[in-house]
Amino acid sequence: MLTPLKREDFDKYIDFVYALALDPARSGYPTYTDGIKTRADFVDRSLRAFERANEDILLYEREGRAAGWIHYYYLAEDKYLDTCSFCIAEGMGDAIAEFTAFARERFPGSELYLGFPGENTQAEEALEAGGFTCIERDFNDVFDLDRYEPRPQDPDVVPVTGENFELFRTLHAPHEDMYWNSDRLLADMDEWRLLLYMPGGVPVGALQARKDSEMGEIFALFFADGYDERTYRALVTAALNGAKTDGAGAMVFFNDAETQADALALGFRCVGEYMCYKTAL
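Bear in mind that the values here come from a model prediction, so they are computed numbers and not experimental data.

Trainee: Explain empty space enclosed by the protein residue by residue, including any values.
Mentor: The tally for this structure, following the rule as stated, stands at 1 cavity of 30 Å³ or more. Lining the largest cavity are Ala-21, Ser-27, Gly-28, Pro-30, Thr-31, Tyr-32, Phe-42, Cys-84, Ser-85 and Cys-87. For the lining of the largest cavity, the element with the highest residue contribution is strand β4 (residues 80–88), accounting for 3 residues. Here the residues of the lining of the largest cavity are counted per class, giving 6 nonpolar, 4 polar and no charged.

Shown next as structure tokens:
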């Protein structure tokens with residue numbers, strides 16, 4: 001059974017739920033097993049649910065006992081529903097089914113996204129059985145920047161500006177179905193590090209990375225003509241250098257099987273496998 005968590009009951013459950021967040025087989029994404037995020041981060045992010053109109057925490061009870069919680073947020077203008085934590089001690093499949101039914105009734109016409117570690121096989125089985133579509137399966141990689149010294153940067157890597165944004169849009173065009181499409185990026189450019197790789201003045205690759213003074217994240221890397229190791233390394237190195245300049249302590253990057261070897265060669269460490277599922281409500 002799912003019921004809204006009351007603020008006065010938060011302290012009663014926080015230790016129990018945080019312990020679940022540290023178990024990839026019983027939790028969802030974002031993960032707290034990456035060596036970056038802390039208990040204080042989890043508490044702080046969870047408490048914001050009581051301050052924001054578009055968030056809530058649902059306590060999950062099973063046979064009269066608390067079995068975890070689901071912290072969700074909703075972007076009404078985009079009809080986008082996602083979770084900040086999905087921590088369930090037992091009955092993961094039932095919890096997913098109940099939350100999906102709740103979401104269909106509360107947010108009809110929206111799209112629900114749920115991400116889980118590869119170790120959470122119960123979630124995977126439930127999502128597959130529930131008609132969700134797996135839209136992403138990657139490796140969650142982290143680069144620790146504390147001791148990183150910026151590396152020489154390829155001069156053919158150039159920042160994206162308002163003047164050359166259409167070159168970036170051309171490479172991004174096949175991927176416009178993602179939330180951060182070209183129009184949203186253009187409207188929010190100050191929050192992003194957008195890069196082009198242009199040997200000989202020709203755009204052959206592009207990268208989008210979120211700026212953050214604590215933890216940066218490479219959201220996507222695009223190629224004009226399929227994967228190219230030189231392009232990958234040039235753009236990722238430039239993104240790492242930029243994150244170091246920002247003062248970030250780490251950079252997160254979700255790599256697929258094709259790029260994983262190069263990510264590890266550059267110095268990323270793999271936290272684990274990530275899978276993302278989506279369904280229309």
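Trainee: Quick one: what's the story with unusual backbone geometry, residue by residue and with numbers?
Mentor: Generally, phi is negative for residues other than glycine and the peptide bonds are trans, each holding for most cases. Of note, the bond from Tyr-29 into Pro-30 is cis; its omega dihedral lies within 30 degrees of zero at 5 degrees. Mapped onto the secondary structure, Pro-30 falls in the loop between α1 (10–21) and α2 (39–47). In this structure, Glu-63 takes a positive phi of about 55 degrees despite not being glycine. By secondary structure assignment, the location of Glu-63 is in the loop between β2 (55–62) and β3 (65–75). Classification of Glu-63 as exposed rests on a relative accessible area of 74%.

Trainee: So, the pairing of strand β10 (residues 215–223): which residues are in play, and what are the values?
Mentor: Sheet analysis places strand β9 (residues 205–210) next to β10, joined by 6 bridges and oriented antiparallel. Its bridge partner lying in β10, Ala-206 is registered against Phe-222. Between β9 and the antiparallel strand that follows it, β10, lie 4 residues. Following the chain from β10 across helix α7 (residues 229–246) to the adjacent parallel strand β11 (residues 250–255), one finds a crossover that is right-handed.

Trainee: I'd love a proper account of helix α5 (residues 165–172), names of residues and values included.
Mentor: Note: α-helices contain 3.6 residues per turn, so residues at a spacing of three or four share the same orientation. All of the buried residues along α5 are Phe-165, Phe-168, Leu-171 and His-172. Across the axial projection of α5, the buried residues extend over an arc of 120 degrees, all falling on one side. On the buried face of α5, the contacting elements are α6 (182–187), β8 (192–197), β9 and β10.

Trainee: Any details on the packing of helix α3 (residues 92–106) against helix α4 (residues 121–129)? Residues and values, ideally.
Mentor: Put simply, α3 and α4 touch, their axes get as near as 8 Å, and they point 45 degrees apart. Overall, the two elements α3 and α4 adopt an arrangement that is oblique. As for the relative orientation of α3 and α4, their crossing is right-handed in sense. When α3 is examined against α4, the residues Met-92, Gly-93 and Ile-96 are found in contact with a partner set consisting of Gln-122, Ala-123, Ala-126 and Leu-127. Its residues assigned to classes, the contact of α3 with α4 shows 5 nonpolar, 2 polar and no charged.

Trainee: Requested: an account of the sheet that holds strand β12 (residues 269–280), with residues and values cited.
Mentor: Within the open sheet, the 12 strands sit side by side as β1-β2-β3-β4-β5-β12-β6-β11-β10-β9-β8-β7. Their pairing is mixed. At either margin of the open sheet sits one strand with a lone partner, and together these are β1 (2–4) and β7 (157–159). Strand-to-strand twist across the sheet, computed as the mean angle between neighbouring axes with direction ignored, equals 30 degrees. One ladder, built from 9 bridges, connects strand β6 (residues 133–144) with β12; its direction is antiparallel. Each bridged residue has a counterpart across the sheet, and for Asp-138 the counterpart in β12 is Tyr-274. Here α4 sits on the sheet in contact with β5 (111–117), β6 and β12, set at roughly 25 degrees to β12.

Analysis parameters
Residues numbered from 1 in each chain as written. Predicted model: local features only at pLDDT ≥ 70, side-chain atom pairs only at ≥ 80, totals over all residues. Heavy atoms only, no water. 1 Å grid on protein atoms, 1.4 Å probe; cavity = no way out; pocket = protein on both sides within 12 Å on 5 of 7 lines; lining within 4 Å. Points joined across faces, edges and corners; volume = space filled by probe spheres on them. Helix = DSSP H or I, 4+ residues; strand = E, 2+ residues; numbered from the N terminus. Nonpolar A, V, L, I, M, F, W, Y, C, P; charged D, E, K, R; others polar. Buried < 20%, exposed > 50% of the residue type's maximum accessible area, 1.4 Å probe, protein only. Pairing = 2+ DSSP bridges. Right-handed = clockwise from strand over helix to strand, strands pointing away. Arc of directions from axis to C-beta. Contact = heavy atoms within 4.5 Å. Axes fitted to C-alpha atoms, helices over the stretch in contact; angles between N-to-C directions. Parallel < 35°, antiparallel > 145°, perpendicular 65-115°, else oblique. Left-handed = near helix turned anticlockwise from the far one by under 90°.

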